[in-house]
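Residue-level listing of the chains:
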2 protein chains.
Amino acid sequence: MSIIKINDIYIKECASVVGKNESEGPLGKYFDLCENDMRFGEDSWEMAESELTRRCIEMLLTKSGKKGKDVSLVTGGDLLNQCISSAFAVSENDIPYLGLYGACSTCAEGLVVGAIMAEKLQNDVISFASSHFCSAEKQFRFPLEYGGQRTPTSQSTVTGSGAFLLSKSGKIKVTEGLIGRVKDGNITDVNNMGAAMAPAAADTLMRYFVESGTKPSDFDVIATGDLGMEGHELTKQLMMTENVVMGDCFTDCGLMIYDMKKQDMHAGGSGCGCSAAVTAGHFCRLLEKGEIKNLLLVGTGALLSKTSANQGRTIPAVAHLVRLESVV
Amino acid sequence: MSIIKINDIYIKECASVVGKNESEGPLGKYFDLCENDMRFGEDSWEMAESELTRRCIEMLLTKSGKKGKDVSLVTGGDLLNQCISSAFAVSENDIPYLGLYGACSTCAEGLVVGAIMAEKLQNDVISFASSHFCSAEKQFRFPLEYGGQRTPTSQSTVTGSGAFLLSKSGKIKVTEGLIGRVKDGNITDVNNMGAAMAPAAADTLMRYFVESGTKPSDFDVIATGDLGMEGHELTKQLMMTENVVMGDCFTDCGLMIYDMKKQDMHAGGSGCGCSAAVTAGHFCRLLEKGEIKNLLLVGTGALLSKTSANQGRTIPAVAHLVRLESVV
């Protein structure tokens with residue numbers, strides 16, 4: 001068995017912080033905090049991302065009436081080299097920190113690991129994931145000042161963070177997790193993360209459906225993290241070759257966070273913060289109200305290294321799945 | 001309670017692969033495979049490191065008579081940006097992959113997470129950690145061709161990998177784990193990782209002793225991952241200020257892997273692969289034979305980002321602890 005059954009762990013509270021573009025998208029009003037200053041009051045993009053994460057964790061603690069010492073563990077990560085924005089963000093609050101690396105799959109990976117740890121520790125655990133447009137563009141492609149032309153398949157890294165309090169009670173139950181396998185679709189284009197991630201997303205979805213005996217129509221929403229327009233279509237086609245029609249419940253956080261007609265976001269949103277903010281700000285709200293009953297979140301991560309990409313290597317990818325159910 | 005009790009999970013088998021310098025050190029004869037070609041037959045340092053990891057996991061599977069499909073999960077990581085050498089290393093074997101980031105603390109972090117996952121999944125899990133001298137120097141400091149002079153406090157990244165099969169039986173029991181807190185000692189010198197990591201090591205050791213009611217002399221060996229000469233002394237001093245005398249059982253994998261008198265390694269070895277190879281090749285052999293009965297391994301990780309270090313920021317650090325006991 002690959003599916004991991006989680007026993008009695010719930011998302012008790014969540015928090016989301018985003019930047020200006022995300023606040024102007026269709027989900028803008030659902031995020032807890034929208035910051036128009038892309039620097040978040042800091043003097044570098046890396047520290048801006050760190051401050052974004054710090055504020056999101058602080059918001060989560062405030063919303064849930066907790067202090068750092070009430071929480072046994074914080075787990076999560078980001079896209080920056082050595083996950084440096086996360087390290088600085090958690091260095092002040094003295095909560096034991098379990099660092100993850102799953103690229104843009106970190107939100108789902110963190111929910112699975114966090115839920116297992118909360119079950120094991122029988123105490124509250126925080127999981128989080130964050131990304132920042134400016135630090136990601138600088139690190140993975142070009143500094144913004146270069147003003148490079150973006151290709152149609154390129155996605156826009158979400159400036160956003162989502163954090164979750166995993167606990168022994170709550171309205172959203174974390175019922176199952178599935179850890180993904182690294183899949184390499186032989187994509188070398190660093191501006192086409194969707195195509196790089198589609199094989200991993202399809203692999204995880206197929207493994208889940210086969211092992212659980214479920215089908216897409218059993219779920220109110222099946223959301224991938226940040227496949228964007230290209231990757232979303234490719235995943236539907238890959239599933240079709242396995243005779244699985246994904247149907248209307250199948251969506252992608254990267255296609256939801258921006259207005260794809262009005263905002264100039266090319267193939268959609270991406271980054272750890274994309275699925276983290278959409279899940280914390282939007283899906284969890286729907287699950288808490290019982291407006292959707294169950295959700296499969298498939299975090300999709302392109303394990304892109306600029307060094308190996310410049311060496312002409314392909315971009316391997318991984319997709320982790322977490323199943324969330326409303327218990328209201 | 002911060003200490004995590006692990007129920008009936010054992011290191012059933014382990015494997016270690018190292019490079020030339022490590023094979024010439026005092027533990028050389030205990031490693032499973034020594035490769036004199038620093039490129040491991042590949043055309044870049046990053047792919048060399050990936051091949052090192054791949055061989056180590058393959059060696060582990062061979063030694064334990066397992067195939068990839070027998071294992072439920074592989075968890076671990078490395079020091080490279082986006083842990084790219086690990087991603088390529090596991091992309092061929094189709095085992096679900098849980099990526100960690102803990103810098104040089106990854107071996108201990110992986111043993112804790114891997115043991116919890118093996119307990120949860122009730123099936124075999126692999127944990128691993130790797131590093132490579134040339135890829136690390138290139139990424140964190142200067143390309144080797146630059147021929148920079150190294151400072152006395154600088155350490156030498158170990159070219160090595162260690163992998164562990166965590167299972168329901170074996171001669172070495174994984175009894176406890178403790179996840180570290182991120183500590184920032186305000187060190188900004190990228191050539192003094194030992195000083196950056198010492199506060200995290202001392203914090204984790206103190207938390208463990210206070211909570212468990214144990215003292216250093218209760219253990220045959222207490223080994224930090226890669227504090228090196230400087231960090232080892234500083235940690236002893238920090239513990240002394242808390243009235244804890246670490247005593248003769250206190251050592252450091254970075255001081256053990258090289259001959260500190262004959263090999264020109266400055267402050268000692270470092271890197272994920274240091275504690276991973278020393279634990280897999282040396283400590284596990286002693287535990288399996290019952291020559292030592294118990295071991296506290298404290299993986300020490302400097303969460304060093306070249307970007308933030310160049311921005312003048314400090315180097316935060318984390319230390320994770322795992323307790324291993326011989327059951328022969």
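See the structure printed just above.
Chemist: Explain the relation of the copies chain B and chain A residue by residue, including any values.
Modeler: Here chain B sits on chain A after a turn of 180 degrees about the axis and a move of 0.0 Å along it, with an RMSD of 0.0 Å. In short, the pair behaves as if placed about a two-fold rotation axis. Among all residues of chain B, the one whose C-alpha sits closest to the rotation axis is B:Leu100, at a distance of 2.1 Å. Take the interface residues of chain B: 100% of them recur as interface residues in chain A, which is what a same-surface contact looks like.

Chemist: Run through the interface of chain B and chain A, naming residues and quoting values.
Modeler: If you look at the interface, chain B gives 56 residues, while chain A gives 56 residues. Buried surface at the junction of chain B and chain A, summed over both partners, amounts to about 4300 Å²; 62% is from carbon and sulfur atoms. If you sort the residues of chain B by the area they bury against chain A, B:Gln82, B:Tyr101 and B:Lys120 come out on top, with a joint share of 17%. Where chain B packs against chain A, one counts four salt bridges.

Chemist: Tell me about the packing of aromatic side chains, residues and numbers included.
Modeler: Applying the stated criterion across every chain, the model contains six aromatic pairs over all chains. Geometrically, the ring pair formed by B:Phe142 and B:Tyr146 is stacked, given 4.7 Å between the ring centres and 25 degrees between the ring planes. Overall, B:Phe142 belongs to the partly exposed group, its relative accessible area being 47%. An aromatic cluster is built from A:Tyr208, A:Phe209 and A:Phe219, whose rings are joined through pairwise contacts. Against the face of A:Tyr30 rests A:Arg285, its NZ or CZ located 3.4 Å from the ring centre.

Chemist: With reference to specific residues and values, describe the pairing of strand β14 (residues 294–302) of chain B.
Modeler: All names here are of chain B. Most of β14 sits out of view: nine of its nine residues are buried. Residues Asn-294, Leu-296, Val-298, Thr-300 and Ala-302 of β14 are buried on one face, and the alternating residues Leu-295, Leu-297, Gly-299 and Gly-301, pointing to the opposite face, are buried as well. The pairing of β14 with strand β15 (residues 316–326) spans nine bridges and is classified as antiparallel. Residue pairing in the sheet places Asn-294 in a bridge with Glu-325 of β15.

Chemist: Account for the nonpolar core, with residues named and values stated.
Modeler: One finds A:Ile11, A:Phe209, B:Ile11 and B:Phe209 to be the most contacted residues of the largest nonpolar core, which totals 222 residues. If we skip the residues at most four places from it in the chain, B:Ile11 touches B:Leu111, B:Phe164, B:Leu165, B:Leu166, B:Gly170, B:Lys171, B:Ile172, B:Val174, B:Cys284 and B:Leu324.

Chemist: Account for unusual backbone geometry, with residues named and values stated.
Modeler: Residue and element names in this part refer to chain A. For Cys-83, which is not glycine, the phi dihedral falls at a positive 40 degrees. Structurally, the position occupied by Cys-83 is in the loop between β4 (73–77) and α3 (84–90). Classification of Cys-83 as buried rests on a relative accessible area of 2%. Even without being a glycine, Asp-94 presents a positive backbone phi close to 65 degrees. Asp-94 gets classed as partly exposed once you look at its relative accessible area, which sits at 35%.

Chemist: With reference to specific residues and values, describe the environment of B:Gly194.
Modeler: Residue and element names in this part refer to chain B. As for its placement among the helices and strands, Gly-194 is situated in helix α6 (residues 193–212). For Gly-194, a relative accessible area of 1% gives the class buried. Sequence separation between Gly-194 and Ser-23 is 171 residues; the distance between their C-alpha atoms is 23 Å. Apart from residues lying up to four places away in sequence, Gly-194 is in contact with Gln-155, Leu-227 and Gly-231.

Definitions and cut-offs
Residues numbered from 1 in each chain as written. Chains lettered and ligands numbered in written order. Predicted model: local features only at pLDDT ≥ 70, side-chain atom pairs only at ≥ 80, totals over all residues. Heavy atoms only, no water. Least-squares fit on C-alpha atoms with pLDDT ≥ 70 in both. Contact = heavy atoms within 4.5 Å. Buried area = accessible area lost by both parts, 1.4 Å probe. Salt bridge = Lys/Arg side-chain N within 4 Å of Asp/Glu carboxyl O. Phe/Tyr/Trp six-rings, centres within 6.5 Å; stacked < 30°, edge-to-face > 60°. Buried < 20%, exposed > 50% of the residue type's maximum accessible area, 1.4 Å probe, protein only. Lys NZ or Arg CZ within 6 Å of the ring centre and 35° of its normal. Helix = DSSP H or I, 4+ residues; strand = E, 2+ residues; numbered from the N terminus. Pairing = 2+ DSSP bridges. Core = buried A, V, L, I, M, F, W, Y, C linked by side-chain atoms within 4.5 Å.

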